[in-house]
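Observations on chain architecture
One-letter residues, chain by chain:
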Amino acid sequence: MSTSKKVKKMKNSNLNILVFTIMSMLILASCETDFDNPNAATVEETFSSREGILAASVGLQQLYSTTGVRWVVETPAITTREGGITTTFQNMIELEDGGANLPNFNSNVQGLWSTMLRIIKIAEDIEANATNIDLEVGTQSGLIAHAKLFKALAIGNLAQNYEQVIIVSNNENEAEFVPRATGYENAITLLNEAKNAIEANPISDEFTAAVTLGNIDVPNSIDALLARYNLFVGNYDAAISAANNVDLTSTSTFVYDSQNLNPIWSRVFLNDAPNFKPRDNFGLPSEFVFDPADGRISFYLVPLDETNQNGLPIEDLAGFFDVNTGFIPLYIPDEMNLILAEANLRKASPDLGAATAALNEVLTDTNDPFDINADVDPYSGALTSEALLSQVYKNRRAELFLTGTSLEDSRRFGRPEPSGAPMIYTEERNRNFYPYPDLERNSNPNTPEDPNI
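Below is a summary of the structure that appears in this document. (Residues numbered from 1 in each chain as written. Predicted model: local features only at pLDDT ≥ 70, side-chain atom pairs only at ≥ 80, totals over all residues. Heavy atoms only, no water.)

A look at the overall build of the protein
Helix and strand counts for the protein come out as 17 helices and eight strands. Along the three orthogonal principal directions, the C-alpha set of the protein runs to about 65 × 45 × 45 Å. For the protein, the proportion of its 453 residues judged to be buried stands at 57%. Here the analysis covers contacts within the protein between residues at least 6 apart in sequence; of these, 72% occur between residues at least 24 apart. For the protein, the accessible surface area stands at approximately 18300 Å², while carbon and sulfur atoms represent 49% of it. Looking at the protein, you have 30 positive and 61 negative side-chain charges, and the mean spots of the two groups are 2 Å apart. (Helix = DSSP H or I, 4+ residues; strand = E, 2+ residues; numbered from the N terminus. Buried < 20%, exposed > 50% of the residue type's maximum accessible area, 1.4 Å probe, protein only. Contact = heavy atoms within 4.5 Å. Areas by Shrake-Rupley, 256 points an atom, 1.4 Å probe, with all protein chains shown as cover. Lys, Arg positive; Asp, Glu negative; His and termini not counted. Charge placed at Lys NZ, Arg CZ, Asp CG, Glu CD.)

Structure below.
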């Protein structure tokens, strides 16, 4: 082996060794309670070296992919009936019961909130320290863009699930809350800053080899999230522009191994008594009818002909979730076509032709990079905004199944409001927003009042 290869191998080995240590320290540093340990590395020491900051970026990505993805997918999936519980664990029972009595101490409500705040804090630390270390300019821009991408993703996930959100961490536990729309706007600003950073200084091979390993296409992921959040906040022209910028043959994935298992597989298949299983018809009511030949049905769902303890029809899960080390996409490419369809329908002067064309790209798809191919006939219904929006919603639920967007979609498309009463399992969603966790309310005096439902 050449000397240069030996050095590179040693550097990569050292970097891997650092990841666990640094992530443990960063997670503890972002908790509500601090315990002094005179032998522990400080945040300043962690971010004072090339290896330290690269390891922190790997750890940020790993925290999101292993812990964050679980809460982001599972929590709204139960609330919007994408999944039905198959366990006696109280946190899952509380989620499926829903209503105004969902407790602030529910572990899903707390896990989603606290994990996203940890990601925000770590991303801020990486961004603040990347310019203080002697790095290749493309490594520095990659670190900054990657941190901004994950911070935007965390803020966006909070805004999808909570009425008010935190967008900047505060070490004194006095973080300010802002309306969720402001959260989306902040995420958009972060993504545009990330885009500008890597356009000025393209990401280096060093950054790719040390952090993303080619699994996450940072430029396309930035544009995909710009399209998503601009749509959610009503910036329809910007959403269309960003969606058109995404290369639909490119993919970004969270990759798992025997030490870091696919978190949804772990919830559905790891134990003899799984926590939840997917609902029939992607959890949609019977008014939404799918062609039996729609390839997305067999991609995601395996027929069981069973119900859970609350009488909800359930199936087995496939797709990205039936292998313990199977990857999970950061975004689904055809989400961009569904964004194009919806944005063209909602903008001030709707373009029904463009919307129909984009919808048909999804319906007739046979060449999706993840093999999520509906492969059915083009849309032939009424050419009205109302009819087309209904089809967009239906296809978002099928195409983007278990991606964490279902609660935002249910509200945005004006699906029936929940009553607030618990244990009405026929409701399409049992909450509009989640209550703020006790761990935030008990430490942060700025925590708002909980939404009723």
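Re the pattern of salt bridges
Under the definition given, this model contains 24 salt bridges. Taking the shortest distance from any N to any O, the salt bridge between Glu74 and Arg70 comes out at 3.5 Å. A residue pair is termed a helical-turn pair when its members lie 3 or 4 positions apart in one helix, as Glu74 and Arg70 do in helix 3 (residues 50-79) at four residues. Judged by relative accessible area, which is 0%, Glu74 ranks as buried. Looking at Arg70, the relative accessible area reads 17%, which means it is buried. The closest approach of N and O atoms between Glu127 and Lys148, which form a salt bridge, is 2.6 Å. With Glu127 in helix 5 (residues 107-130) and Lys148 in helix 6 (residues 137-161), this pair connects stretches of sequence that are 21 residues apart. (Salt bridge = Lys/Arg side-chain N within 4 Å of Asp/Glu carboxyl O.)

Details of the pairing of strand 6 (residues 301-307)
Two elements, strand 6 and strand 7 (residues 313-317), share four bridges in a ladder whose sense is antiparallel. Residue pairing for strand 7: Leu301 is matched across the bridge by Leu317. In textbook terms, the turn of a hairpin is the stretch between consecutive antiparallel strands, and for strand 6 and strand 7 this stretch comprises five residues, one of which, Gly311, has a positive phi near 80°. (Pairing = 2+ DSSP bridges.)

A short note on the environment of Tyr256
By the secondary structure assignment, Tyr256 is in the loop between strand 4 (253-254) and helix 11 (263-268). Accessibility expressed as a relative area gives 5% for Tyr256, which makes it buried. Discounting chain neighbours no more than four positions away, the residues touching Tyr256 are Ser65, Thr66, Val69, Leu261, Asn262, Pro263, Asn324, Thr325, Gly326, Phe327 and Ile328. Side-chain polar atoms of Tyr256 contact the backbone oxygen of Ser65, separated by 2.6 Å. (Polar contact = N/O pair within 3.5 Å; in protein donor to acceptor, adjacent residues only side chain to side chain.)

So, the packing of aromatic side chains
Going through the model one piece at a time under the given rule, you end up with 25 aromatic pairs. Relative to Tyr436, the ring of Phe177 lies with its centre 5.6 Å away and its plane at 85°, an arrangement referred to as edge-to-face. With a gap of 259 residues between them, Phe177 in strand 3 (residues 177-179) and Tyr436 in the loop between helix 16 (406-412) and helix 17 (438-441) connect regions that are remote in the sequence. Residues Phe177 and Tyr436 agree in their burial class; the two are buried. Geometrically, the ring pair formed by Phe320 and Phe370 is edge-to-face, given 5.5 Å between the ring centres and 85° between the ring planes. (Phe/Tyr/Trp six-rings, centres within 6.5 Å; stacked < 30°, edge-to-face > 60°.)

Some thoughts on the packing of helix 13 (residues 335-346) against helix 14 (residues 352-363)
Two elements in contact, helix 13 and helix 14, have axes whose closest approach is 8 Å; the angle formed by their N-to-C orientations is 160°. On the basis of the axis angle, helix 13 is roughly antiparallel to helix 14. Crossing of helix 13 over helix 14 shows left-handed handedness. Across the interface between the two elements, Asn337, Leu338, Leu340, Ala341, Asn344 and Leu345 from helix 13 touch Leu352, Ala354, Ala355, Ala358, Leu359, Glu361 and Val362 from helix 14. (Axes fitted to C-alpha atoms, helices over the stretch in contact; angles between N-to-C directions. Parallel < 35°, antiparallel > 145°, perpendicular 65-115°, else oblique. Left-handed = near helix turned anticlockwise from the far one by under 90°.)

Comments concerning the packing of helix 6 against helix 7 (residues 180-200)
Two elements in contact, helix 6 and helix 7, have axes separated by 8 Å at closest approach and are oriented at 165°. It follows from the interaxial angle that helix 6 and helix 7 lie roughly antiparallel. Our pair here, helix 6 against helix 7, has a crossing hand that is left-handed. Across the interface between the two elements, Ser141, Ala145, Lys148, Leu149, Lys151, Ala152, Ile155, Gly156, Ala159 and Gln160 of helix 6 pack against Arg180, Gly183, Tyr184, Asn186, Ala187, Leu190, Leu191, Glu193, Ala194, Ala197 and Ile198 of helix 7. Residue composition of the contact of helix 6 with helix 7, grouped by class: twelve nonpolar, five polar and four charged. (Nonpolar A, V, L, I, M, F, W, Y, C, P; charged D, E, K, R; others polar.)

Description of the nonpolar core
Residues Tyr64, Ile126, Phe150, Tyr162, Tyr229, Tyr300 and Phe320 are the most contacted members of the largest nonpolar core, which totals 123 residues. It is helix 3 that contributes the most residues to this core, 13 residues altogether. Those residues within four positions of Tyr229 in sequence are excluded, and the remaining contacts are Ala152, Leu153, Gly156, Asn157, Gln160, Tyr184, Ala187, Ile188 and Leu191. (Core = buried A, V, L, I, M, F, W, Y, C linked by side-chain atoms within 4.5 Å.)

A short note on helix 8 (residues 205-212)
Along an α-helix, residues three or four apart share an orientation, since each turn contains 3.6 residues. Turning to helix 8, its buried residues number three or more, namely Phe207, Ala210, Val211 and Thr212. An end-on view of helix 8 places all buried positions within 145° of arc, on one side of the element. (Arc of directions from axis to C-beta.)

Notes on helix 6
Compared with the 36 Å implied by 1.5 Å per residue over 25 residues, the 37 Å span of helix 6 between its first and last C-alpha is a close match. Most of helix 6 sits out of view: 23 of its 25 residues are buried. (Expected span 1.5 Å × (residues − 1).)

Digging into the environment of Phe282
Considering the arrangement of structural elements, one finds Phe282 in the loop between strand 5 (276-278) and helix 12 (295-300). A relative accessible area of 1% places Phe282 in the buried class. For the pair Phe282 and Ala227, spaced 55 residues apart in the sequence, the C-alpha separation amounts to 24 Å. Among residues more than four places away in sequence, those in contact with Phe282 are Glu82, Phe290, Arg296, Ile297, Tyr300, Leu301, Arg397, Ala398 and Phe401.

So, unusual backbone geometry
With phi around 55°, Asp375 is a residue other than glycine that occupies positive phi space. Checked against the element boundaries, Asp375 lands in the loop between helix 14 and helix 15 (385-399). A relative accessible area of 48% places Asp375 in the partly exposed class. Phi is positive for Leu402, close to 55°, though the residue is something other than glycine. The residue Leu402 is located in the loop between helix 15 and helix 16 in this model. We classify Leu402 as buried; its relative accessible area is 2%.

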